[in-house]
Amino acid sequence: MDIIDQGFPEWTELGQDSGLDPLGMQRPIELIYQSLLPGISTITLRYRYYSFFAWILKYYEDHIEDTKENSDPHQFRVFQRRCEALFALACFYGDYELGIAGIEWAGREIGKVSHQDDKSTKIDFSVGADLKSEPEHKYLRNNGGAFFAIYSTQMSEMGLVHLDKRPIPFCSERALPLAEAFEKNIGSLCEDFFQAAKSAEVSLSLLDKLNVLKPASLNPQSTEHKILKDILLGKVSNPLPADQMRKQTMLAILSLASLLKKTPKSEELKWSWFEPSSKISSQIIDFEENDVIKFWAAYQAFDLMRLAYENLLYAALAILEGAENRRLSLNVLIAEMMSNFTFSENQSWKSFKSAMIENEEFGSTIKRIYEELSDAHATGTVELQIRASFALIIALSSRYDALIETIEKVPRGLEHFRSIDTEMKFLSDKDNKNARNVIAEVIGERVLKRHLWVASRKFRNQRAYTYLMEPDDGFLRYRTDFTVTPSSPRLEQAIRFLKDIDLIDESGITELGRAELEKA
């Protein structure tokens, strides 16, 4: 019986929390893509919200925040939530919009009166907007509403709002023209909107008129549209480095949309930027000159390394689950995983790598190897999953050398996070070591014990029980599995924003988008 290192808690029934980021490799990946698309997150779904929130912030500052009572953040929260609830109702009425916070609630509220022909019929949304209502009755369960829960931080990253200079957020100088332009598009309905928000009730006739608020109603010829476009593309006075990074990413998306003649998908973007030898990439990107694309390539390398390691962990869990009593000793588990490889006598790690590359069992490109790994994972073919994981690690080692200068520049997390950088440095002096020992060390130390360390840290610091396998009297016992999936680096949301301002559509780049690309 082999010994699990001291410091790992023994098996217990405590806790039911699922294991997210089981190897502690996600944070460095997040830091990269956050720096490449500042002002956009995975949950900022519609770009016109940025205009809408600038508008209501400016209105509150000019017309309401003039008394001690109304400078109270709680009073602002009441105002903000009523505005958001009314916005959701306006976006559902008629041709409803996707990506709107509270849209399902709005559909239920409108459904209650949809049988009535009288347009003067009113909807009372005071309960839906009330902070004290039961969660099932709220337009959005989070008391912060869409602004605080979703958009405020990203608007701050874009330089549109100040969040910590006063008790109540307010517009920056950059946002003031946007708020003014939005109000101009609303016209005489401005006071009607805020009166309805104040009373927390709205007639069907007013909802019909408020269709001008919808993201789809943004006029491409309007000043608001131009300001939104310029902000997204970094065409602002005194641009910050973040504006430039976002601009270059957006232009790269437009380039691929132009070539593909369709809306690009996130995976198409990631792979075209990662493999400079691909036919698509060579037509749209100068890899020697485009630093942002190099950072996206580094992002993909980080994520692929995480996926290779997580697939090894997933395969280990599958073996544990199928074992008698769903447990094995650490050494036996490692041996079972290594039984999927054939070694020559005293084969070195360098020789093993060369043999894997020459064999091309999983293809000759990193993308093809990853696709084979994904197929093995989906079909539960554990032996192929293990071999493909190591094939991907080996293939990434050569790509790492080409990206090393860029990787040294990317944002870093704390030292206890792992990444392709830490793992390639770990493997860098192993060429002359015995291949069996190297693979055993990767599986045992860098994956299995690493997960136990990450889970123990989360339990100690956060009281979150995220063990996928548990030490049990010198054995490892299966507890649960987890989902292995590529990270979501905000590209889908960036594409949605470009659609919202008419720079791309289902046929690819629009004339407006092409004009912006040519001017860049």
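Only a predicted model underlies this, so the values are computations on that prediction, with no experimental measurement involved. Each chain carries its own residue numbering, running from 1 in the direction its sequence is written. Where totals are concerned, whole chains, interfaces and linings use all residues; where local detail is concerned, this predicted model gives features only for residues with pLDDT of at least 70, and gives and counts side-chain atom pairs only at 80 or more. Water and hydrogen atoms were dropped before computing side-chain values, which therefore reflect all heavy atoms in the structure.

Draft legend 1. Structural context of the overall build of the chain. Counting from the N terminus, the helices are DSSP H or I runs at least four residues long and the strands are E runs at least two residues long. On a plain count of helices and strands, the chain comes out with 22 helices and nine strands. If one aligns the C-alpha atoms of the chain with their principal axes, the spans along those axes are about 85 × 55 × 45 Å. Looking at the chain residue by residue over its 520 residues, the buried ones come to 54%. Looking at the chain alone, contacts between residues at least 24 apart form 74% of all its contacts between residues at least 6 apart. Of the accessible surface of the chain, which amounts to about 23,600 Å², a share of 47% is contributed by carbon and sulfur atoms. Placing the 63 positive and 78 negative side-chain charges of the chain at their respective mean positions leaves the two points 2 Å apart. Only protein chains enter the calculation, and the probe is 1.4 Å; a residue is then buried if its accessible area is under 20% of its type maximum, exposed if over 50%, and partly exposed in between. Residue contacts follow a heavy-atom distance rule, with two residues in contact if any of their heavy atoms lie within 4.5 Å. The accessible surface values rely on the Shrake-Rupley method and a 1.4 Å probe; as for residues, cover is taken only from the protein chains in view. Only four residue types enter the charge count, namely Lys and Arg as positive and Asp and Glu as negative; His and the chain termini do not. A charged residue contributes its charge at one atom only: NZ of Lys, CZ of Arg, CG of Asp or CD of Glu.

Draft legend 2. Spatial organisation of the pattern of salt bridges. Should a side-chain nitrogen of Lys or Arg be within 4 Å of a carboxyl oxygen of Asp or Glu, the pair is scored as a salt bridge. Applying the stated criterion to the full structure yields 33 salt bridges. Residue glutamate 61 pairs with arginine 166 through a salt bridge whose shortest N-O separation is 3.1 Å. Of this pair, glutamate 61 sits in helix 2 (residues 49-64) while arginine 166 sits in the loop between strand 2 (161-162) and strand 3 (170-171), and the two are 105 residues apart along the sequence. A residue is classified by how much of its surface remains accessible, and arginine 166, at 32% relative accessible area, is partly exposed. Between aspartate 230 and lysine 235 there is a salt bridge, and its shortest N-O distance comes to 3.8 Å. Judged by relative accessible area, which is 36%, lysine 235 ranks as partly exposed. Within this structure, Lys226, Lys229, Asp230, Lys235, Glu516 and Lys519 form a network of salt bridges that share partners.

Draft legend 3. Examining the pairing of strand 7 (residues 475-478) more closely. The alternating pattern of strand 7 places Leu476 and Tyr478 on a buried face and Phe475 and Arg477 on a face that is not buried. Two strands make a pair as long as DSSP finds a minimum of two bridges between them. Relative to strand 7, strand 5 (residues 327-329) runs antiparallel, the two being bridged by three bridges. By the bridge assignment, arginine 327 is partnered in strand 7 with arginine 477. What sits between the antiparallel neighbours strand 6 (residues 469-472) and strand 7 is a turn of two residues, in which aspartate 473 has the positive phi angle 55°.

Draft legend 4. Spotlight on helix 8 (residues 189-199). Buried within helix 8 we find Leu189, Cys190, Phe193, Phe194, Ala196 and Ala197. Along the axis of helix 8, the buried residues cluster in a sector spanning 155°; they form a single face. For helix 8, the secondary structure elements touched by its buried residues are helix 2, helix 3 (73-92), helix 7 (176-186), strand 4 (201-203) and helix 9 (204-209). Phi for alanine 200, located one or two positions after helix 8, is positive at around 60°. In this description, one arc is meant: the one made by directions from the helix axis to the C-beta atoms.

Draft legend 5. Looking closely at the packing of aromatic side chains. Pairing of aromatic side chains requires ring centres within 6.5 Å, counting the rings of Phe and Tyr and the six-membered ring of Trp. Pairs whose planes differ by under 30 degrees are stacked, by over 60 edge-to-face, and all others tilted. Under the criterion given, the structure shown has 41 aromatic pairs. Relative to phenylalanine 497, the ring of tyrosine 47 lies with its centre 4.8 Å away and its plane at 20°, an arrangement referred to as stacked. With tyrosine 47 in the loop between helix 1 (26-36) and helix 2 and phenylalanine 497 in helix 21 (residues 491-500), the pair connects residues that are 450 residues apart, well separated along the chain. Overall, tyrosine 47 belongs to the buried group, its relative accessible area being 1%.

Draft legend 6. Up close: the environment of alanine 515. Relative to the assigned elements, alanine 515 resides in helix 22 (residues 511-519). Note on alanine 515: relative accessible area 29%, which makes it partly exposed. Sequence-wise, alanine 515 and leucine 503 are twelve residues apart; in three dimensions their C-alpha atoms are separated by 9.1 Å.

Draft legend 7. Looking closely at unusual backbone geometry. One non-glycine residue, alanine 200, lies in the positive phi region at around 60°. Under the relative-accessibility criterion, alanine 200 is labelled buried at 0%.

Draft legend 8. Structural detail: the side chain of serine 419. Within the fold, serine 419 resides in the loop between helix 18 (382-407) and helix 19 (420-427). Polar contact criterion, stated in full: a pair of N or O atoms within 3.5 Å, where within protein one must be able to donate a hydrogen and the other to accept it, and residues adjacent in sequence count only if both atoms are side-chain atoms. Among the polar contacts made by the side chain of serine 419, one reaches the main-chain amide nitrogen of aspartate 421 at a distance of 3.1 Å. Excluding residues that lie within four positions of it along the chain, serine 419 makes contacts with Met25, Pro28 and Phe302.

Draft legend 9. Looking closely at the nonpolar core. Joining through side-chain atoms within 4.5 Å is the link that ties buried Ala, Val, Leu, Ile, Met, Phe, Trp, Tyr and Cys residues into a set, and such a set is a nonpolar core. Formed by 172 residues in total, the largest nonpolar core has its most connected members in Tyr50, Phe52, Leu207 and Leu448. The biggest single contributor to this core is helix 14 (residues 291-322), with 21 residues. Excluding its chain neighbours within four sequence positions, the residues that come into contact with leucine 448 are Leu313, Ala316, Leu330, Leu333, Ile334, Ile443 and Met469.

Draft legend 10. Quick look at the confidence of the model for the chain. Predictor confidence is given residue by residue as pLDDT, running from a minimum of 0 to a maximum of 100. Summarising the model, the chain shows a mean pLDDT of 91, and 93% of its residues fall at 70 or more. Within the chain, the lowest mean pLDDT, 54, falls on helix 13 (residues 279-284), and the highest, 98, falls on helix 10 (residues 223-232). Scored below 50 in pLDDT, residues 1-19 makes 44 contacts in the model with residues more than four places away or belonging to other chains.

Draft legend 11. Molecular detail of the packing of helix 18 against helix 19. Helix 19 packs onto helix 18 with a crossing angle of 115° between their chain directions and a minimal axis gap of 10 Å. By the angle between their directions, the pair helix 18 and helix 19 is classed as roughly perpendicular. The hand of the helix 18/helix 19 crossing is left-handed. Between helix 18 and helix 19, the residues in contact are Ile393, Leu396, Ser397, Tyr400, Ile404 and Ile407 and Ile420, Asp421, Met424, Lys425 and Leu427, respectively. The angle between two axes is taken between their N-to-C directions and runs from 0 to 180 degrees, where each axis is a line fitted to C-alpha atoms and a helix contributes only its stretch in contact. Throughout this description, any angle smaller than 35 degrees is read as roughly parallel, any larger than 145 degrees as roughly antiparallel, any in the 65 to 115 degree range as roughly perpendicular, and the remainder as oblique. Each helix crossing is assigned a hand: it is left-handed if the near helix lies turned anticlockwise from the far helix by less than a right angle, otherwise right-handed if that turn is clockwise.

Draft legend 12. Structural detail: the pairing of strand 6. Side-chain alternation along strand 6 places Met469 and Pro471 on one buried face and Glu470 and Asp472 on a second face that is also buried. Pairing geometry for strand 6 and strand 7, over four bridges, is antiparallel. When the sheet's bridge partners are listed, proline 471 is paired in strand 7 with leucine 476.

Draft legend 13. Inspection of a negative patch on the surface at higher detail. The patch calculation keeps residues exceeding 30% relative accessible area without a salt bridge and links them within 9 Å when they carry like charges or within 5 Å when they are nonpolar (Val, Leu, Ile, Met, Phe, Trp, Tyr). The grouping of Glu180, Glu183, Glu191 and Asp192 at the surface amounts to a negative patch. When contributions to the negative patch are tallied by element, the ones reaching two or more residues are helix 7 and helix 8. Mapping glutamate 191 onto the fold places it in helix 8. A relative accessible area of 43% places glutamate 191 in the partly exposed class.

Draft legend 14. Expanded view of the sheet that holds strand 6. Read from one edge of the open sheet, three strands run 5-7-6, paired in antiparallel fashion. Two strands lie at the open edges of the sheet, namely strand 5 and strand 6, each paired on one side alone. Across the sheet, the axes of successive neighbouring strands diverge by a mean angle of 30°, strand direction being ignored. Taken strand by strand, helix 14 contacts strand 5, strand 6 and strand 7, and its axis lies near 90° from that of strand 7.

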